[in-house]
Amino acid sequence: VSRESHKHDSIINIGGTLLGGAKVQVIGGPCSVETQEQMDVAAQHVSDTGCKLMRGGAFKPRTSPYTFQGNGEEGLRMFRKAADKYNLRIVTELMDARMLDTFMKYDVDVIQIGTRSMQNFELLKEVGRINKPVILKRGMSATISEWLMAAEYIAAGGNHNIIFCERGIRTFETAYRNVMDVTCIPVLKKETHMPVIVDPSHAGGKTWMVPALARAAIAAGADGLLVEMHPNPCEAWCDADQALNPQEFASLMGSLRGIAEVI
Ligand code: PEP
Ligand code: MN
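Residues numbered from 1 in each chain as written. Chains lettered and ligands numbered in written order. Predicted model: local features only at pLDDT ≥ 70, side-chain atom pairs only at ≥ 80, totals over all residues. Heavy atoms only, no water.

Asks: Help me understand the coordination of the manganese ion (ligand 2) in this model?
Replies: Octahedral six-donor coordination of a metal ideally yields angles of 90 or 180 degrees, compared with 109.5 degrees for tetrahedral four-donor coordination. Listed as protein donors to the manganese ion (ligand 2) are Cys-31 (SG), His-202 (NE2), Glu-228 (OE) and Asp-239 (OD); their distances from the metal cover 2.0 to 2.4 Å. Mapped onto the polypeptide sequence, the residues donating to the manganese ion (ligand 2) form the spacing pattern C-x170-H-x25-E-x10-D. Linking Cys-31 in the loop between strand E3 (25-29) and helix H1 (36-48) with Asp-239 in the loop between strand E10 (224-228) and helix H9 (246-256), this pair joins segments that are 208 residues apart in sequence. Each member of the pair, Cys-31 as well as Asp-239, carries the same accessibility label: buried. (Donors = N, O, S within 2.8 Å, 3.2 Å for Na, K, Ca; no water. Helix = DSSP H or I, 4+ residues; strand = E, 2+ residues; numbered from the N terminus. Buried < 20%, exposed > 50% of the residue type's maximum accessible area, 1.4 Å probe, protein only.)

Asks: Mind showing me how you'd approach the site of ligand 1 here?
Replies: Residues in contact with ligand 1 amount to 13 residues; listed here are only the nearest, Arg-55, Lys-60, Thr-115, Lys-137 and Arg-167. Within the side chain of Arg-116, an N or O atom sits 3.0 Å from an oxygen atom of ligand 1. With respect to ligand 1, the side chain of Arg-167 contributes an N or O atom lying 2.7 Å from an oxygen atom. Contact with the protein chains hides 97% of the accessible area of ligand 1, taken as 300 Å² for the molecule alone. Residues that form the shell around ligand 1 fall into these classes: two nonpolar, four polar and seven charged. (Near = heavy atom within 4 Å. Polar contact = N/O pair within 3.5 Å; in protein donor to acceptor, adjacent residues only side chain to side chain. Areas by Shrake-Rupley, 256 points an atom, 1.4 Å probe, with all protein chains shown as cover. Nonpolar A, V, L, I, M, F, W, Y, C, P; charged D, E, K, R; others polar.)

Asks: Just checking my understanding: could you explain helix H4 (residues 121-128) for this structure?
Replies: Given 3.6 residues per helical turn, the α-helix brings residues three or four places apart onto the same face. Listing the buried residues of H4 in full gives Leu-123, Leu-124, Val-127 and Gly-128. For H4, the angular spread of the buried residues around the axis is 140 degrees, confining them to a single face. (Arc of directions from axis to C-beta.)

Asks: For this particular structure, what's the right way to read the side chain of His-193?
Replies: Relative to the elements of secondary structure, His-193 occurs in the loop between helix H6 (184-191) and strand E9 (196-198). His-193 sits in the buried class, given a relative accessible area of 7%.

Take a look at the structure:
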C-alpha cells in the first residue's frame with residue numbers, strides 16, 4: 001500500500017461509485033440494522049442527500065455480551081432490501097471469516113473491518129483473497145505503522161481495494177469517546193496511495209460533536225466520511241448518543257459542500 005511503488009492516488013470503485021480522487025464520499029446510516037422499516041427510512045434519507053453508500057452493522061462487536069449483538073444474516077437481508085430500493089451500495093462489518101460466504105450471498109459491496117479486528121490477521125488474510133473493497137478501521141490503540149502493516153496483510157493476498165478509516169484512538173481524555181487523530185490524515189496520505197476516510201461518530205461519541213469533527217477531517221484532506229445517522233436516534237438500539245438525525249445529516253452534507261466537492 002506504500003506510495004514508494006505507487007505514486008498516484010488509488011481510486012476504489014464501489015459498484016460504479018468512486019471513493020478517492022477529487023470528490024468526497026459520505027457513507028451514512030445507522031450503527032446497526034434493527035428493523036426493515038428503520039432501514040427503509042434510513043436508506044431513503046441517505047439517498048435524498050445524494051449519498052450512494054450506506055452503512056449498517058448486522059454483526060455487532062459489542063463490549064458487553066449481554067447487549068444487542070446484531071440481527072446477523074437476517075440483518076444483511078433487510079439491509080440489502082432497503083438499499084436496493086434506493087440503488088445504494090452497502091457497507092457492513094465482518095467479524096468472522098466463516099461469514100464471508102453469507103456476505104457474498106447478500107452481495108455486500110464493502111466489507112468493514114472494525115477497530116477490534118484490525119490485527120485479526122487471519123481475518124485480514126481471508127478478505128485479502130477476495131476482490132471486494134475493504135474499509136480497514138484503525139485499531140483503537142494502533143500506531144500508524146501497525147495500521148499500514150495490517151493493510152499489507154490484505155494487499156498481500158491480492159486485494160488492493162483498501163480504504164483506511166480513522167475512527168478515533170484511546171488516550172487519557174475522558175470528555176469524549178476517542179480522540180479523532182486529524183494528524184494521521186496527512187501522514188497516511190503521504191505514506192499510502194489508498195483512500196483515507198474518517199468516522200467522526202465513533203471518535204466524538206456525541207451527536208453534537210460530529211459536524212465539527214467531520215468538517216475538520218475533510219478540511220485536513222480526508223477522502224470521505226463514515227457517519228452514523230438514524231431515523232430516530234433516541235430509539236437507536238446501539239450508539240444512540242452519537243447518531244445524527246436525518247435533518248442533522250442533511251445539514252452536515254450542506255456544510256461539507258462549503259469545504260470540498262462532495263459526491
Ligand atoms: C461501527 O462502525 O459501528 C463500529 C463498531 O466501529 P468501530 O469498529 O470503529 O468501533
Ligand atoms: Mn456504532
